[in-house]
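Given next are the chains, with one letter for each unit.
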Amino acid sequence: MEMLLAGPRGRRLLLEFALASERQRDPEYREESLTAGVFLASYHLDPGKGTSVQLFGDVGAETQEISPAEIASRMGAVPLVEVTPELLRDCVAESVSAARYWQEPDGTDILAGMPELAASLRRVAAHLAASPHTAWWSAPVEERLQWQVEWDGAPPRTVLEDPLSRLRHVQDEVLAEELTARRERPTDPAASWSGSWWSRPPWELPSSTRALPDGAPAGLWFVEDTLGWEHATTRRVGIPAGLRIFEIDTAEAWASLCRRFPIEVTAQKRHDWYRTTGRDGSWAIPDWAKVAEHYDAVHLCTLTYLSAASTAIPVDNETASVIAGWGPDETYWFTPRVRYVDEPIRWALHDDGEDNTWVREES
């Protein structure tokens, strides 16, 4: 589980598990707790401190600071609770929802990346690694039970008769946007400019995830840049045998896609990806039209997401890439051979006053 320490999403997951462990054992808020310490430290580290991020009520907290070493000490003293599928799900969901590729990392991501916390986070990683409930994080796509999520009010997704044609159209759009961005956008990576920050395949193609132990598809829970959806429909995707599926099981696997099928996106991604990674240089993503000529699908393993999303992944000596806009365990299908099977299932987000849970609606 050393991979979990390699990227912001994994480190955030580990910190969230430590916080959840403390809350389960002692739900009362205490000034000397890890929860209180992370709250204050994250506030003071956040790029939006005093503007987009405000403190209310405790005026003294504006000047009260807490060191990363103190946070590490408090984290090390927290007894870690039993690993359960529900707790893991909630912690992964918290980490995924905190991903943002159009602005700087938030204060909690910055805190979790500080070297003083590494040993305490490694203790949590070892605790999770010993659990059988994390085994699927590195598993290939589960072809028997795949589920697509369709959010109420979002653009529809469907199996296209000619997905390669659509991918080539998107390829042309990316190339055209790059030419326009080179002419019109500043080369200063710190300039106030934003654009299309994602690197996933086109939205309208079918994508799917496996079902979690609670029966809900992972795609319901693990959503970057959520728009606050509270209702969704899921459809089971039938996968024929013999498909060519590329497994993004390491950051290097993603980099290899970018080397084999590169499309340059430096001018259009420069400003967003500089803010989220701090890197200034050339950027590339996979040319999905060319990928689809060789593979029927691409699957992003959950462990790869946790270790590599939100980071600058080296492609060569001059170029890097970012996994952005994907969810853990998500597979995009480039073939018309997949089919929707069984009846659609409706889901609603239920708030019981403490937690939000996806609940299957009665038909």
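So, how was this worked out
Residues numbered from 1 in each chain as written. Predicted model: local features only at pLDDT ≥ 70, side-chain atom pairs only at ≥ 80, totals over all residues. Heavy atoms only, no water. Salt bridge = Lys/Arg side-chain N within 4 Å of Asp/Glu carboxyl O. Helix = DSSP H or I, 4+ residues; strand = E, 2+ residues; numbered from the N terminus. Buried < 20%, exposed > 50% of the residue type's maximum accessible area, 1.4 Å probe, protein only. Pairing = 2+ DSSP bridges. Contact = heavy atoms within 4.5 Å. Axes fitted to C-alpha atoms, helices over the stretch in contact; angles between N-to-C directions.

Two side chains that carry opposite charge are able to pair once their charged atoms sit near each other. In total, this model carries 24 salt bridges according to the counting rule given. Residue Glu150 pairs with Arg235 through a salt bridge whose shortest N-O separation is 2.7 Å. Note that Glu150 is positioned in strand E1 (residues 146-151) and Arg235 in strand E3 (residues 231-238), a separation of 85 residues in sequence. Among the charged side chains, a salt-bridge network with shared partners connects Arg9, Arg12, Glu16, Asp106 and Asp109.

This part covers the pairing of E3. The buried fraction of E3 is high, at six of eight residues. The sheet contact formed by E1 and E3 spans six bridges and is antiparallel. The residue of E3 that forms the bridge with Trp147 is Arg236.

In space, the four strands of this open sheet follow the order E5-E6-E9-E8, with mixed pairing throughout. Two strands in the sheet have a free side with no partner beyond their single neighbour: strand E5 (262-264) and strand E8 (313-314). As judged from the three bridges shared by E5 and strand E6 (residues 282-286), these two strands associate in the antiparallel manner. Bridging from a neighbouring strand, Pro262 pairs with Pro286 of E6. Against the sheet, helix H10 (residues 266-277) contacts E5, E6 and strand E9 (319-321), and its axis sits at roughly 105 degrees relative to E6.

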